[in-house]
Amino acid sequence: MKKKRWQKLRRFVGLSSLEEQRVSTTPEKDLLFKELKLIVNSSFQSMPEKYKQVLLLYYISGLSNKDIAKTLCVPDGTIASRKNYALTLLKQASKGDRL
């Protein structure tokens, strides 16, 4: 289950397509991949804690939205909103946009 979530996250942010292209690796592709990873990591690190918590609990711990809501003592809808907003932040960072 966690593997599917990671694959979905990587596709959403844009890392998956770059990893697939790395099969026929070139220095330019390697550099592009490393830069994108740095951008996404930097965006994640600068993200407010409430959004990081949701992503970590969902993608790393494998908890459902309902379990995360119980853990953080917030409504289920709040978890869905936070996860969606956090993913939007990561996606925008991977494309070079800022909110």
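Refer to the preceding data block for the structure.
Residues numbered from 1 in each chain as written. Predicted model: local features only at pLDDT ≥ 70, side-chain atom pairs only at ≥ 80, totals over all residues. Heavy atoms only, no water.

Participant: I keep staring at the overall build of the chain and nothing clicks. Help me out?
Facilitator: A count of helices and strands for the chain gives six helices and zero strands. In the chain, the succession of helices and strands from N to C terminus is α-α-α-α-α-α. Across the 99 residues of the chain, 32% fall into the buried class. Nonlocal contacts in the chain, meaning residues at least 24 apart in sequence, comprise 51% of its contacts between residues at least 6 apart. Working note: accessible area of the chain is about 6,500 Å², and carbon and sulfur atoms make up 55% of it. (Helix = DSSP H or I, 4+ residues; strand = E, 2+ residues; numbered from the N terminus. Buried < 20%, exposed > 50% of the residue type's maximum accessible area, 1.4 Å probe, protein only. Contact = heavy atoms within 4.5 Å. Areas by Shrake-Rupley, 256 points an atom, 1.4 Å probe, with all protein chains shown as cover.)

Participant: What should I look at first to understand the packing of helix H4 (residues 49–60) against helix H5 (residues 65–72) in this one?
Facilitator: Packed helix pairs are characterised by how far apart their axes lie and by the angle those axes make with each other. Packing of H4 against H5 brings their axes to within 10 Å, and their N-to-C directions diverge by 130 degrees. By the angle between their directions, the pair H4 and H5 is classed as oblique. The element H4 and its partner H5 pack so that their crossing is right-handed. Note on element contacts: H5 touches H4 through Asn-65, Ile-68 and Leu-72, opposite Gln-53, Val-54, Leu-57 and Tyr-58. Grouping the constituent residues of the contact of H4 with H5 by class yields five nonpolar, two polar and no charged. (Axes fitted to C-alpha atoms, helices over the stretch in contact; angles between N-to-C directions. Parallel < 35°, antiparallel > 145°, perpendicular 65-115°, else oblique. Left-handed = near helix turned anticlockwise from the far one by under 90°. Nonpolar A, V, L, I, M, F, W, Y, C, P; charged D, E, K, R; others polar.)

Participant: Just checking my understanding: could you explain H4 for this structure?
Facilitator: For the α-helix, the turn length of 3.6 residues means that residues three or four positions removed from each other point alike. Along its 12 residues, H4 runs 15 Å from first to last C-alpha, staying within 8% of the 16 Å computed at 1.5 Å per residue. Those residues of H4 lying buried are Tyr-51, Lys-52, Val-54, Leu-55, Leu-57, Tyr-58 and Tyr-59. One or two steps after H4, the chain reaches Gly-62, where phi turns positive at roughly 80 degrees. (Expected span 1.5 Å × (residues − 1).)

Participant: Teacher, can you tell me more about the nonpolar core here?
Facilitator: In this structure, Met-47, Leu-55, Ile-79 and Leu-90 are the most contacted members of the largest nonpolar core, which totals 18 residues. When residues of this core are traced back to their parent elements, those giving at least two are helix H3 (27–46), H4, H5 and helix H6 (76–94). Ranked by residue count, the leading element in this core is H4, at six residues. (Core = buried A, V, L, I, M, F, W, Y, C linked by side-chain atoms within 4.5 Å.)

Participant: How do you make sense of unusual backbone geometry when you look at a structure like this?
Facilitator: With glycine set apart, most residues show a phi of negative sign, and most peptide bonds adopt trans. Look at Cys-73: it is not a glycine, yet its phi comes out positive at around 60 degrees. By relative accessible area, which is 67% here, Cys-73 ends up exposed.

Participant: I'm lost on the side chain of Lys-83 in this one. Help?
Facilitator: Position of Lys-83 relative to the elements: it lies in helix H6. Setting aside chain neighbours within four positions, we find Lys-83 in contact with Val-54, Leu-55, Tyr-58 and Asn-65.

Participant: Looking at this model, I keep getting lost on the packing of H5 against H6. Mind explaining?
Facilitator: Running from amino to carboxyl end, H5 crosses H6 at an angle of 105 degrees, the nearest separation of the two axes being 8 Å. Our classification of the angle between H5 and H6 gives roughly perpendicular. Contacts between H5 and H6 involve Asn-65, Lys-66, Ile-68, Ala-69 and Leu-72 from the former and Asp-76, Ile-79, Ala-80, Arg-82 and Lys-83 from the latter. Of the residues in the contact of H5 with H6, the class split is five nonpolar, one polar and four charged.

Participant: I keep staring at the packing of aromatic side chains and nothing clicks. Help me out?
Facilitator: Each pair of aromatic rings is reported with the distance of its centres and the angle of its planes. Applying the stated criterion to the full structure yields two aromatic pairs. Considering the side-chain rings of Tyr-58 and Tyr-59, the 4.8 Å spacing of their centres and the 85 degrees angle between planes classify their relative orientation as edge-to-face. According to the relative accessible area criterion, Tyr-58 is buried, its value standing at 13%. A relative accessible area of 4% means that Tyr-59 is categorised as buried. (Phe/Tyr/Trp six-rings, centres within 6.5 Å; stacked < 30°, edge-to-face > 60°.)

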